[in-house]
Amino acid sequence: MTPTVVLPLVIGVVVAAGVYLMTSRHLSRVVVGVVLVGNGVNLLILSAAGPAGRAPIEGSGAGEMSDPLPQAMVLTAIVITLAITTFLLAVVYRRSRLSGDDVIEDDDDDLRVRGDAGL
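Now for a quick tour of the structure. Everything numeric here is computed off the predicted structure, so don't read it as measured data.

## Some details on a nonpolar patch on the surface
Thought 1: A grouping of Val 6, Leu 7, Val 10 and Leu 43 is seen on the molecular surface, where their side chains present a nonpolar patch of about 270 Å² in accessible area.
Thought 2: At 3 residues, the largest contribution of residues to the nonpolar patch is made by helix H1 (residues 3-22).
Thought 3: Tracing the backbone through its elements, the reader meets Val 6 in helix H1.
Thought 4: Residue classification places Val 6 among the partly exposed residues on the basis of a relative accessible area of 34%.

## Looking at the side chain of Asn 42
Thought 1: Within the secondary structure layout, Asn 42 lies in helix H2 (residues 27-48).
Thought 2: When its relative accessible area of 8% is taken as the criterion, Asn 42 is described as buried.
Thought 3: Those residues within four positions of Asn 42 in sequence are excluded, and the remaining contacts are Val 74, Ala 77 and Ile 78.

## A short note on helix H3 (residues 69-99)
Thought 1: In this model H3 runs 44 Å from its N-terminal to its C-terminal C-alpha over 31 residues, within 8% of the 45 Å that 1.5 Å per residue would give.
Thought 2: All of the buried residues along H3 are Pro 70, Val 74, Ala 77, Thr 81, Thr 85 and Val 92.
Thought 3: In this fold, the buried residues of H3 make contact with H2.
Thought 4: At the exit of H3 stands Gly 100, carrying a positive phi of roughly 90°.

## Some thoughts on the side chain of Thr 81
Thought 1: Tracing the backbone through its elements, the reader meets Thr 81 in helix H3.
Thought 2: Sequence-distant contacts of Thr 81, that is, excluding residues within four places in its chain, are made with Val 34 and Gly 38.

## Side note on the pattern of salt bridges
As a working rule, side chains carrying opposite charge can pair if their charged atoms are close by.
Thought 1: The full count for this structure, using the stated rule, is 2 salt bridges.
Thought 2: The closest approach of N and O atoms between Arg 112 and Asp 109, which form a salt bridge, is 3.8 Å. On the criterion of helical spacing, the pair formed by Arg 112 and Asp 109 is a turn pair, its members being 3 residues apart in helix H4 (residues 108-114).
Thought 3: Residue Asp 109 is classed as partly exposed on the basis of its relative accessible area, which comes to 46%.

## Remarks on the packing of H2 against H3
Thought 1: Between H2 and H3, the least distance of the axes is 9 Å, while the angle of their chain directions is 180°. Relative to H3, H2 is oriented roughly antiparallel.
Thought 2: A breakdown of the residues in the contact of H2 with H3 according to their chemical character gives 15 nonpolar, 6 polar and 1 charged.

About the cut-offs
- Residues numbered from 1 in each chain as written.
- Predicted model: local features only at pLDDT ≥ 70, side-chain atom pairs only at ≥ 80, totals over all residues.
- Heavy atoms only, no water.
- Patch = residues over 30% accessible without salt bridge, like charges linked within 9 Å, V, L, I, M, F, W, Y side chains within 5 Å.
- Areas by Shrake-Rupley, 256 points an atom, 1.4 Å probe, with all protein chains shown as cover.
- Salt bridge = Lys/Arg side-chain N within 4 Å of Asp/Glu carboxyl O.
- Helix = DSSP H or I, 4+ residues; strand = E, 2+ residues; numbered from the N terminus.
- Buried < 20%, exposed > 50% of the residue type's maximum accessible area, 1.4 Å probe, protein only.
- Contact = heavy atoms within 4.5 Å.
- Expected span 1.5 Å × (residues − 1).
- Axes fitted to C-alpha atoms, helices over the stretch in contact; angles between N-to-C directions.
- Parallel < 35°, antiparallel > 145°, perpendicular 65-115°, else oblique.
- Nonpolar A, V, L, I, M, F, W, Y, C, P; charged D, E, K, R; others polar.

In structure tokens, the structure reads:
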């Protein structure tokens, strides 16, 4: 496989693993899934930006300069992912302190909608 095929495959695997973990009932797995999806999307943005060039301030022509926008977007995404991760860790901690575990159970309305409330 060539390097141009490996990076999209790695990005796909990381995002797929993150989405799989986000569908879990364990909140700690959801946090890891959010981090994986965030990192996969950051890799996707950077790989879609194209090859690295010279610094924008040093480039003399339009073909030589690299675009600073994808790097700025990834930096912003890292900060947003950090904030979401911090919030989710606080939720997981609070849930584990109140109930003793981080598993989300079905409540009565979920059981009623599903139709097996009598089981």
